[in-house]
Amino acid sequence: MKRDLVSIGDLSDAEIVSLLDHAGECEQRGGSKTLEGAILATLFLEPSTRTRLSFEAAMHRLGGAVITSADPQASSSAKGETLADTVRMVDAYADAIVLRHSAAGAARAAARVARAPVLNAGDGGHEHPSQTLVDLFTLKREVGRLNDLRILLYGDLRYGRTAHSLVRALCRFGGTVLAVSEPGLELPEYVLAGLGPGASAEPARPEALRTLFRGEPPSATLIRPRSRDSGPPRRWEPGPGEIDAVYVTRLQRERIGAERAAPVLPPVDPRFLAIPALERAIVMHPLPRTSEIDPRIDADRRAAYFRQAAAGVPVRMAILSWALGRLELAGPRRPDATAQEPASSAAGSCSERTCISVRESSTAPAERVRGADGSARCAWCETPWPAGQAPA
Ligand code: ASP
């Protein structure tokens, strides 16, 4: 089976643990010749600094070569070439493709076209699985475990694609997530619906954050693992030192448009970090930050975001070694939940305007699948299939 990383769901829990262990070894060992003779194409049709450079640095550290198209305006997509045609060509030049694209589902569409493994470096506001592996690596190293983490997720959770892949992964490892979002920018329905029967989501009123908001946070959801006896999950009120990490995302202005100029949520600053529940919490951010993290906390030992960014190289060394068949991961493979069900080509079209099937139906024809919750969804971006067009 081709080793695409389109969604964090493409890796089983055991594979994630194994990949992170290997990333730790890469970090210790430094360079090697593991990928000598292999060529990686980095195809970035949206801006990037860390993801592209850390994938490229990782490839160089493993002795491989890199070809890159980093400026959308300088690529043939600016001339109107379809993603499918671009990917077909790049597939002929390289052994693996890292793709960033502004349309949700673009990486899945590219993976269907390419013979080479496709690694999703961000598909619109949908997913960013390699960032999640970097985040999990950071959590494991800084907090000391992967299981049963307690995370405050904070910011634009609707368009912040890193948050989507991360919530999915955290829940699989028994995590509890208090999601405090910019008003109107809550976690999308498909993320909550895709958490499966092992997790529940409900509105929350965290007392612990009251001082910060002078009242209740504008919009909070508590995502908890269901108890083993399948009873309702208990409420959770974070006590002093009980939150392991605050994961912050910026307003994704490029997806929201001009109507939301500035965040409504207070920034993560010295006052924020004085909340007793955050006594031990590390502060994470996929970067770039804008105004949501005050630089005055950079010197605080809990500020982990630059260490997190540095982890991008060893983690992507492990991802590349795996994708190119030089690393076997422990545990069974886990096909993505949305890919498990046989897809059916569908009458009608997806209702999400940023979906690759809407933007480029020749690359990604309308297709529906059954999601983890049993409902009909777009095979590319997971949006619920419009009522009236659902399969019988
Ligand atoms: N660099 C991350 C991403 O590409 C986070 C961000 O841009 O806010 O999704």
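Residues numbered from 1 in each chain as written. Predicted model: local features only at pLDDT ≥ 70, side-chain atom pairs only at ≥ 80, totals over all residues. Heavy atoms only, no water.

Concerning the overall build of the protein
Counting secondary structure elements, the protein contains 14 helices and 13 strands. Relative to the compact-globule value of 21 Å for 392 residues, the protein shows a C-alpha radius of gyration of 20 Å, a close match. On the principal axes, the C-alpha backbone points of the protein span a range of 55 × 55 × 45 Å. Across the 392 residues of the protein, 58% fall into the buried class. At a minimum sequence separation of 6, the contacts of the protein that also span at least 24 residues come to 73%. Only carbon and sulfur atoms are counted for the fraction: they give 51% of the accessible area of the protein, which is about 15900 Å². (Helix = DSSP H or I, 4+ residues; strand = E, 2+ residues; numbered from the N terminus. Rg over C-alpha atoms; globule rule 2.2 N^0.38 Å. Buried < 20%, exposed > 50% of the residue type's maximum accessible area, 1.4 Å probe, protein only. Contact = heavy atoms within 4.5 Å. Areas by Shrake-Rupley, 256 points an atom, 1.4 Å probe, with all protein chains shown as cover.)

Let's talk about a nonpolar patch on the surface
There is a patch of nonpolar side chains on the surface, built from Ile67, Met89 and Tyr93 and spanning about 290 Å² of accessible area. With respect to the helices and strands, methionine 89 occurs in helix H3 (residues 83-93). Of the residues examined, methionine 89 reaches a relative accessible area of 40% and is grouped as partly exposed. (Patch = residues over 30% accessible without salt bridge, like charges linked within 9 Å, V, L, I, M, F, W, Y side chains within 5 Å. Salt bridge = Lys/Arg side-chain N within 4 Å of Asp/Glu carboxyl O.)

Structural notes on the packing of helix H1 (residues 13-29) against helix H5 (residues 129-143)
Relative orientation of the contacting elements H1 and H5 amounts to 75°, with a least axis distance of 10 Å. Regarding the angle of H1 to H5, the classification is roughly perpendicular. Mapping the contact onto sequence places Ile16, Leu19, Leu20, Asp21, Ala23, Gly24 and Glu27 in H1 and Leu133, Leu136, Phe137, Lys140 and Arg141 in H5. When grouped by side-chain class, the residues that make up the contact of H1 with H5 number 7 nonpolar, 1 polar and 4 charged. (Axes fitted to C-alpha atoms, helices over the stretch in contact; angles between N-to-C directions. Parallel < 35°, antiparallel > 145°, perpendicular 65-115°, else oblique. Nonpolar A, V, L, I, M, F, W, Y, C, P; charged D, E, K, R; others polar.)

Brief notes about the pairing of strand E5 (residues 150-155)
Across the 6 residues that make up E5, a large majority, 5, are buried. Relative to strand E6 (residues 176-181), E5 runs parallel, the two sharing 6 bridges. The residue bridging arginine 150 from the neighbouring strand is threonine 176, located in E6. For the segment spanning E5, helix H6 (residues 161-172) and E6, crossover handedness is right-handed. (Pairing = 2+ DSSP bridges. Right-handed = clockwise from strand over helix to strand, strands pointing away.)

Some words on unusual backbone geometry
Cis geometry is adopted by the peptide bond preceding proline 288, which originates at leucine 287 and carries an omega value of 10°. Here proline 288 is to be found in the loop between strand E10 (282-284) and helix H11 (305-310). One non-glycine residue, aspartate 148, adopts positive backbone phi at about 55°. With respect to the helices, strands and loops of the structure, aspartate 148 is situated in the loop between H5 and E5. In this structure, glutamate 382 takes a positive phi of about 75° despite not being glycine. Among the structural elements, glutamate 382 can be located in the segment after strand E13 (376-378).

Quick notes on the sheet that holds strand E2 (residues 65-69)
Spatially, the 4 strands line up as an open sheet ordered E2-E1-E3-E4, and their pairing is parallel. The sheet is open, and its two edges are formed by E2 and strand E4 (118-123), each paired on a single side. Pairwise comparison of adjacent strand axes, ignoring direction, gives a mean angle of 15° for this sheet. The sheet contact formed by strand E1 (residues 39-44) and E2 spans 5 bridges and is parallel. Considered in E2, the bridge of alanine 41 is made with isoleucine 67.

Thoughts on the confidence of the model for the protein
This prediction gives the protein a mean pLDDT of 92; 93% of its residues lie at or above 70. Low confidence marks residues 336-341, where pLDDT is under 50. Its contacts with residues over four positions away, or in another chain, come to 12 contacts. (pLDDT = per-residue confidence, 0-100.)

A few points about the packing of H3 against helix H4 (residues 106-113)
Two elements in contact, H3 and H4, have axes whose closest approach is 9 Å; the angle formed by their N-to-C orientations is 50°. It follows that H3 is oblique to H4 by the angle criterion. Here the hand of the crossing between H3 and H4 comes out right-handed. Residues Leu83, Ala84, Val87, Arg88 and Asp91 of H3 form the contact with H4, whose participating residues are Ala106, Ala110 and Val113. Split by residue class, the contact of H3 with H4 holds 6 nonpolar, no polar and 2 charged. (Left-handed = near helix turned anticlockwise from the far one by under 90°.)

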